Amino acid sequence: MRHPLVMGNWKLNGSTHMVNELITGLRKELSSITGCDVAIAPPALYLSQAKQALAGSRIALGAQDVDVNLSGAFTGETSAAMLKDVGAEYIIIGHSERRTYHQENDEFIAKKFAILKQQGLIPVLCIGETEQENEAGQTETVCARQIDAVLNTLGAEAFQGAVIAYEPVWAIGTGKSATPAQAQAVHKFIRDHIAQRDAAIAQQVIIQYGGSVNADNAAELFAQPDIDGALVGGASLKADAFTVIVKAAAAAKKA
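Below is a summary of the structure that appears in this document.

1. A closer look at the overall build of the chain
Argument step 1. Counting secondary structure elements, the chain contains eleven helices and eight strands.
Argument step 2. Out of the 255 residues belonging to the chain, those deemed buried represent 54%.
Argument step 3. For the chain, long-range pairs separated by at least 24 residues make up 74% of all intrachain contacts whose partners lie at least 6 apart in sequence.
Argument step 4. Per element, the accessible surface of the chain, about 11,300 Å² overall, is 51% carbon and sulfur.
Argument step 5. If you average the places of the 21 positive and of the 27 negative side-chain charges in the chain, the two averages end up 6 Å apart.

2. Section: the packing of helix α5 (residues 106–118) against helix α7 (residues 139–154)
Argument step 1. Packing of α5 against α7 leaves a shortest axis separation of 9 Å and a crossing angle of 55°. As judged from the angle between their axes, α5 and α7 are oblique. For the pair α5 and α7, the sense of crossing is right-handed. Within the contact between the two elements, α5 uses Asp106, Ala110, Phe113 and Ala114 and α7 uses Arg145, Gln146, Ala149, Val150, Thr153 and Leu154.
Argument step 2. Each residue belonging to the contact of α5 with α7 can be placed in one class, and the counts come to six nonpolar, two polar and two charged.

3. Notes on the nonpolar core
Argument step 1. Judged by nonpolar contacts, the single largest core of 75 residues is most densely connected at Phe159, Ile190, Tyr209 and Phe222.
Argument step 2. A per-element tally of this core places helix α11 (residues 239–254) first, with eight residues.
Argument step 3. If we ignore the near neighbours within four places in the chain, the residues touching isoleucine 190 are Ile127, Ile147, Ile164, Tyr166 and Ile207.
Argument step 4. In terms of nonpolar packing, the next biggest core, distinct from the first, is built from 13 residues, Leu5, Met7, Tyr90 and Ile206 among them.

4. Comments concerning the packing of aromatic side chains
Argument step 1. Using the criterion set out here, one finds two aromatic pairs in the structure.
Argument step 2. Note on tyrosine 166 and tyrosine 209: the rings are 6.1 Å apart at their centroids and 55° apart in plane angle, and the pair reads as tilted. Highlighted residues: tyrosine 166 in strand β6 (residues 163–166) and tyrosine 209 in strand β7 (residues 206–209), separated in sequence by 43 residues. When sorted by exposure, tyrosine 166 lands in the same class as tyrosine 209, which is buried.

5. Looking at the side chain of aspartate 148
Argument step 1. With respect to the helices, strands and loops of the structure, aspartate 148 is situated in helix α7.
Argument step 2. Although aspartate 148 lies buried, it forms no salt bridge, and the closest oppositely charged side chain, arginine 197, sits 4.3 Å away as judged by the N-O distance.
Argument step 3. A distance of 2.7 Å separates a polar atom in the side chain of aspartate 148 from a polar atom in the side chain of histidine 193.
Argument step 4. Setting aside residues up to four positions removed in sequence, aspartate 148 forms contacts with Thr153, His193 and Arg197.

6. Looking at the environment of isoleucine 194
Argument step 1. With respect to the helices and strands, isoleucine 194 occurs in helix α8 (residues 180–195).
Argument step 2. Residues isoleucine 194 and alanine 144 lie 50 residues apart in sequence; the distance between their C-alpha atoms is 9.0 Å.
Argument step 3. Once residues lying within four places of it in the same chain are set aside, the contact partners of isoleucine 194 are Ile147, Ile164, Ala202 and Val205.

7. Focus on the pattern of salt bridges
Argument step 1. For the coordinates displayed, the defined rule picks out twelve salt bridges.
Argument step 2. A salt bridge links arginine 2 to aspartate 228; the nearest nitrogen and oxygen atoms lie 3.0 Å apart. Residue arginine 2 is found in the segment before β1 (5–9), and its partner aspartate 228 is found in the loop between α10 (218–222) and β8 (229–232); the two are separated by 226 residues along the sequence.
Argument step 3. With relative accessibility at 15%, the residue arginine 2 sits in the buried group.

8. Some details on unusual backbone geometry
Argument step 1. Positive phi, close to 55°, is recorded for lysine 11, a residue that is not glycine.
Argument step 2. Structurally, lysine 11 can be placed in the loop between β1 and α1 (16–30).
Argument step 3. Residue serine 212 is not a glycine yet carries a positive backbone phi of 60°.
Argument step 4. Checked against the element boundaries, serine 212 lands in the loop between β7 and α10.
Argument step 5. The buried category is assigned to serine 212, whose relative accessible area is 17%.

Here is what the cut-offs are and how they apply
- Residues numbered from 1 in each chain as written.
- Predicted model: local features only at pLDDT ≥ 70, side-chain atom pairs only at ≥ 80, totals over all residues.
- Heavy atoms only, no water.
- Helix = DSSP H or I, 4+ residues; strand = E, 2+ residues; numbered from the N terminus.
- Buried < 20%, exposed > 50% of the residue type's maximum accessible area, 1.4 Å probe, protein only.
- Contact = heavy atoms within 4.5 Å.
- Areas by Shrake-Rupley, 256 points an atom, 1.4 Å probe, with all protein chains shown as cover.
- Lys, Arg positive; Asp, Glu negative; His and termini not counted.
- Charge placed at Lys NZ, Arg CZ, Asp CG, Glu CD.
- Axes fitted to C-alpha atoms, helices over the stretch in contact; angles between N-to-C directions.
- Parallel < 35°, antiparallel > 145°, perpendicular 65-115°, else oblique.
- Left-handed = near helix turned anticlockwise from the far one by under 90°.
- Nonpolar A, V, L, I, M, F, W, Y, C, P; charged D, E, K, R; others polar.
- Core = buried A, V, L, I, M, F, W, Y, C linked by side-chain atoms within 4.5 Å.
- Phe/Tyr/Trp six-rings, centres within 6.5 Å; stacked < 30°, edge-to-face > 60°.
- Salt bridge = Lys/Arg side-chain N within 4 Å of Asp/Glu carboxyl O.
- Polar contact = N/O pair within 3.5 Å; in protein donor to acceptor, adjacent residues only side chain to side chain.

Shown next as structure tokens:
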């Protein structure tokens with residue numbers, strides 16, 4: 001049985017005070033919840049501080065991006081070896097904001113996936129279509145292309161122990177969200193697509209939903225058979241809101 005994962009992507013938010021305050025709140029709220037894995041991804045500058053604040057808790061540390069190089073003359077970048085060294089486990093790659101603002105293409109993101117696997121870290125591969133692509137009926141085509149960049153270079157076995165986050169771009173930070181039925185249909189397509197290469201790996205891969213997940217819609221989303229938790233943006237910046245989402249994921253998989 002797949003174990004759901006709820007991961008908070010803090011994006012470009014944080015301060016030394018906020019990191020300690022939010023993690024203190026999360027530790028208190030989440031201490032008694034079981035049945036769901038939890039991770040947070042603060043900005044890279046605060047990873048070491050966050051790791052110390054998380055010590056002894058059940059909350060894992062994640063990061064928001066990684067470079068394709070392990071070392072060298074790459075000013076401003078952060079390597080997989082560095083992330084591993086500071087204790088990060090889950091690494092987000094392919095987020096639509098990286099694809100859009102930094103022009104990262106599928107092949108480049110597949111290289112990031114490869115370097116993370118090589119270093120024993122867990123890739124959280126974000127995929128999803130724009131509003132224009134959605135309206136044109138291209139959702140499945142786009143998702144398949146983004147997954148195939150990894151499948152065709154690394155094989156289905158690369159998804160063993162990895163995470164996929166389906167995030168329709170039109171739902172990220174907009175207040176819009178796919179209906180549970182819409183999200184489930186895409187999640188099932190993703191799982192079936194991987195199953196064409198390896199059914200066993202497809203069955204175990206965690207597929208999160210992301211895109212304006214909040215306390216109001218989380219339970220209904222997690223009730224769907226192929227939705228294994230969430231990659232949470234804005235709601236992860238408030239301990240109480242994030243806790244409601246974690247509780248919903250834990251309850252859905254116990255049902």
